[in-house]
Amino acid sequence: MPSLEEARKILADAGQSHVLAFWDRLDAPARESLLAQIGRIDFAAVAKLRGVLADAGAKAAPAAAAPMEPAPVVELAGGELAAARARGEEELRAGRVGALVVAGGQGSRLGFEGPKGCYPVGPITDAPLFFFHARKLLALKRRYGRPVPFYVMTSETNDAATRAFFEEHAYFGLAKEDVFFFVQGMWPALDPEGKVILDRPDHVFLSPDGHGGTLAALERSGALADMEARGLASVFYFQVDNPMVDVADPAFVGYHAAQGADLSVKVCAKRDPQEGLGVAVRRGSRTEIVEYTEFTDEQKNERLPDGELRYKYGSVAIHVFSVPFLRREASAGLPVHVAHKKVPHVDEAGAVVKPSAPNAYKFEKFIFDALADAKVCPCVAFDREAEFSPVKNAEGSDSPATCRADLSRKWARWLRAAGVAVPLDERGYPLHKIEIDPAFAFDAASLAERDLSAVDPAGDILLEEKN
Ligand code: UTP
């Protein structure tokens, strides 16, 4: 921790002396925590962010103006699907596959106190998002005989709560040594003059550096070294808010391995032209994910002669990374994106103000920017009804209600395929609640292997597995 004199110098050199504006009014613990925070903030990085802000102001045409075409998309079927799956199963049996969930976000749209992974989504038991991810990994370990080590990215804000939650739930049946928590970086926001913002008289506002922060955080934390020490060849990457994700899906993992890919991308058909998914495109020899906001309305709605959208496939942030590519990328440095946001701040009297309009710039890195360095990066199509229904918003689309309904509908399909005549409404949703612990069955085939003779389709169905 710097002394007051040292802190004054650091701040003066960085043009951020206002951070000590309330010093005279702070009590001893508040002074100590402010000095400690000043010691932790990387002001050289803040100077770079100021540069990013200046460049963003000067930015010319949007990226959408550059020539691009839809990226080629692989639809695995028949023999190709079987071969990919067999290869993925080989990887899993050899213990060469890990899983990585990014769970450092703030979940501001959902408005849930606490880590988003603790949010209850189980239609019957209220099991949390983390439960569904971890139990899938438990099922894979039981099936293939080797653990799929689980790397959980948190942020300074939710790290302690996330670790405590896993402890409290006995790691959902996983071995503690196979779960590796690591913390992403935090960046200050800047006001239009490039000044950091006090959100309390004794505290600089910080927010997570985006899911792109994963790459540097993996190295800094030792998680990448752990992957290498365990002999992992690839890591399945996903977001915490989608309990439908088919974690370490053998076909996707196997296709990635067979192609010798650096980074593979799962894509699905967009729900409608306006859906806010990034789109997989090809620009020259490179594959990119272009953000929805960079598309013009005309591009979003462009149709092919057969009536399909030209830019039909969106990315839902499900990837496989090869471990050597993660090592190369750890020091590569991703571009920094700027967003104009509402950031709480103190007024001259030290009172906290919650602005009603954007007042500051936040900075983030995006994981898909790593595609720029990937030499082999296939896009593989999947069926969104089977694998994608995120919890983003408190209400409406992509909310807990739609997610629970989609989970039940998927489990109803599995049950019906296994011969249980679950009654459905006219839209295909089950009339009663259903919940299946992934450790009991993680897909239609593993459910069909279970004894379901005692299941009564006339009421709620809960299928659980002991640890
Ligand atoms: P979102 O972009 O949906 O953000 O993150 P969010 O923080 O969860 O929610 P909002 O936008 O505040 O409402 C997608 C995934 O990326 C992770 C999130 O935890 C989520 O799994 N993420 C996002 C991080 O791990 N770190 C970040 O800095 C940002």
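Just above sits the structure.
Trainee: Where do I start with the overall build of the protein chain in this structure?
Mentor: Helices and strands together make up the secondary structure of the protein chain, namely 14 helices and 21 strands. The C-alpha atoms of the protein chain give 24 Å as radius of gyration, which agrees with the globular expectation for 467 residues (23 Å, within 12%). With the C-alpha coordinates aligned to their principal axes, the bounding extent of the protein chain is approximately 75 × 50 × 45 Å. Scored against the burial criterion, the 467 residues of the protein chain give a buried share of 51%. The contacts of the protein chain with a sequence gap of at least 6 include a subset with a gap of at least 24, amounting to 75%. Surface accessibility of the protein chain: about 20700 Å² in total, with carbon and sulfur atoms responsible for 51%. Side-chain charges in the protein chain split into 55 positive and 67 negative, and the spacing between the mean points of these groups amounts to 2 Å.

Trainee: Just checking my understanding: could you explain the packing of helix α4 (residues 78-93) against helix α9 (residues 250-259) for this structure?
Mentor: Two numbers describe a pair of packed helices, the interaxial angle and the distance between the axes. Here α4 crosses α9 at 90 degrees, and the two axes come no closer than 6 Å. The orientation of α4 with respect to α9, classified from their angle, is roughly perpendicular. Of the residues in α9, those in contact with Glu80, Leu81, Ala84, Arg85, Arg87, Gly88, Glu89, Glu91 and Leu92 of α4 are Pro250, Ala251, Val253, Gly254, Tyr255, Ala257 and Ala258. Considered class by class, the residues forming the contact of α4 with α9 number 9 nonpolar, 2 polar and 5 charged.

Trainee: I'm lost on the side chain of Ser408 in this one. Help?
Mentor: Considering the arrangement of structural elements, one finds Ser408 in helix α13 (residues 400-417). Once you skip the residues sitting within four places of it in the chain, Ser408 turns out to touch Pro123, Pro430 and Ile434.

Trainee: How should the nonpolar core be read in this particular structure?
Mentor: One broad rule of soluble globular proteins: the nonpolar side chains tend to lie buried together. Membership of the largest hydrophobic core comes to 69 residues, with the highest contact counts inside it found for Phe150, Phe236, Leu415 and Ile436. Of the residues forming this core, the biggest block, 9 residues, is contributed by helix α5 (residues 129-144). Not counting residues up to four positions away in its chain, the partners in contact with Ile436 are Phe132, Trp411, Trp414, Leu415, Ala441, Leu447 and Leu463. Core analysis: the next-biggest nonpolar cluster, separate from the first, contains 36 residues, Phe182, Phe325, Cys377 and Cys379 among them.

Trainee: Would you take a moment to explain the site of the ligand for this structure?
Mentor: Taken together, the neighbourhood of the ligand is formed by 18 residues, with Val102, Ser108, Arg109, Gln184 and Lys392 sitting nearest. Interatomic distance of 3.2 Å between a side-chain N/O atom of Lys116 and an oxygen atom of the ligand. In isolation the ligand has 560 Å² of accessible area, and contact with the protein removes 86% of it. Taken together, the residues of the shell around the ligand sort by class into 5 nonpolar, 9 polar and 4 charged.

Trainee: Explain the layout of surface pockets to me, please; I cannot follow it from the model alone.
Mentor: Empty pockets left among the atoms are what a rolling probe the size of a water molecule brings to light. Quantified by volume, the second largest pocket comes out at close to 770 Å³. If you trace the second largest pocket, you find 35 residues lining it, with Arg85, Asp246, Asp249, Glu387 and Asp443 closest to the centre. Where the lining of the second largest pocket is concerned, the elements lending two or more residues are α4, α5, α9, β19 (379-381), α12 (384-387), α13 and α14 (444-448). Per-element tally for the lining of the second largest pocket: the top contributor is α13, with 5 residues. Of the residues contributing to the lining of the second largest pocket, the split by class is 23 nonpolar, no polar and 12 charged.

Trainee: Could you clarify how one ought to interpret empty space enclosed by the protein in this entry?
Mentor: Under the definition given, this model contains 2 cavities of 30 Å³ or more. Of the volumes computed, that of the largest cavity is approximately 50 Å³. Taken together, Leu137, Lys141, Pro147, Val148, Leu174, Ala175 and Asp178 make up the full set of residues lining the largest cavity. Estimated volume of the second largest cavity: approximately 30 Å³. Taken together, Gln239, Asp241, Asn242, Val316, Ile318 and Phe388 make up the full set of residues lining the second largest cavity. The residue inventory of the lining of the second largest cavity, partitioned by class, reads 3 nonpolar, 2 polar and 1 charged.

Trainee: Is there a simple way to explain the packing of aromatic side chains in this structure?
Mentor: Summed over the entire model, instances satisfying the criterion amount to 19 aromatic pairs. For the pair Phe131 and Phe132, a centre-to-centre distance of 5.2 Å together with 85 degrees between the ring planes defines the contact as edge-to-face. Here the two residues Phe131 and Phe132 agree in accessibility, since each one is buried. A centroid spacing of 5.8 Å and a plane angle of 65 degrees characterise the contact between Tyr237 and Phe321, whose relative ring orientation is edge-to-face. Pair noted here: Tyr237 is in strand β10 (residues 234-239) and Phe321 is in strand β14 (residues 313-322), with a separation of 84 residues, a long-range link. The class for Phe321 is buried, based on a relative accessible area of 2%. Here the guanidinium or amino end of Lys300 rests over the ring plane of Tyr292, the centre of that ring lying 4.0 Å away. Seen from the ring of Phe440, Arg450 lies directly overhead, with NZ or CZ sitting 4.0 Å from the centre.

Trainee: Help me out: how do you make sense of unusual backbone geometry in this one?
Mentor: Residues other than glycine predominantly adopt negative phi, and peptide bonds predominantly adopt the trans conformation. In this structure, Ala170 is a non-glycine residue whose phi angle is positive, near 50 degrees. Looking at the element boundaries, Ala170 is found in the loop between α6 (159-168) and β5 (179-183). Phi at Phe172 takes a positive value of approximately 55 degrees, unusual for a residue other than glycine. Within the secondary structure layout, Phe172 lies in the loop between α6 and β5.

Trainee: How should I be thinking about α5 in this particular structure?
Mentor: Each α-helix turn comprises 3.6 residues. Residues three or four places apart therefore point the same way. Compared with an ideal rise of 1.5 Å per residue, which puts 16 residues at 22 Å, α5 spans 23 Å between its outermost C-alpha atoms and is within 8% of the ideal. Within α5, 13 of the 16 residues are buried, which leaves it mostly tucked inside the rest of the structure. Looking one or two places after α5, you find Gly145, whose phi comes out positive at around 80 degrees.

What counts and what doesn't
- Residues numbered from 1 in each chain as written.
- Predicted model: local features only at pLDDT ≥ 70, side-chain atom pairs only at ≥ 80, totals over all residues.
- Heavy atoms only, no water.
- Helix = DSSP H or I, 4+ residues; strand = E, 2+ residues; numbered from the N terminus.
- Rg over C-alpha atoms; globule rule 2.2 N^0.38 Å.
- Buried < 20%, exposed > 50% of the residue type's maximum accessible area, 1.4 Å probe, protein only.
- Contact = heavy atoms within 4.5 Å.
- Areas by Shrake-Rupley, 256 points an atom, 1.4 Å probe, with all protein chains shown as cover.
- Lys, Arg positive; Asp, Glu negative; His and termini not counted.
- Charge placed at Lys NZ, Arg CZ, Asp CG, Glu CD.
- Axes fitted to C-alpha atoms, helices over the stretch in contact; angles between N-to-C directions.
- Parallel < 35°, antiparallel > 145°, perpendicular 65-115°, else oblique.
- Nonpolar A, V, L, I, M, F, W, Y, C, P; charged D, E, K, R; others polar.
- Core = buried A, V, L, I, M, F, W, Y, C linked by side-chain atoms within 4.5 Å.
- Near = heavy atom within 4 Å.
- Polar contact = N/O pair within 3.5 Å; in protein donor to acceptor, adjacent residues only side chain to side chain.
- 1 Å grid on protein atoms, 1.4 Å probe; cavity = no way out; pocket = protein on both sides within 12 Å on 5 of 7 lines; lining within 4 Å.
- Points joined across faces, edges and corners; volume = space filled by probe spheres on them.
- Phe/Tyr/Trp six-rings, centres within 6.5 Å; stacked < 30°, edge-to-face > 60°.
- Lys NZ or Arg CZ within 6 Å of the ring centre and 35° of its normal.
- Expected span 1.5 Å × (residues − 1).

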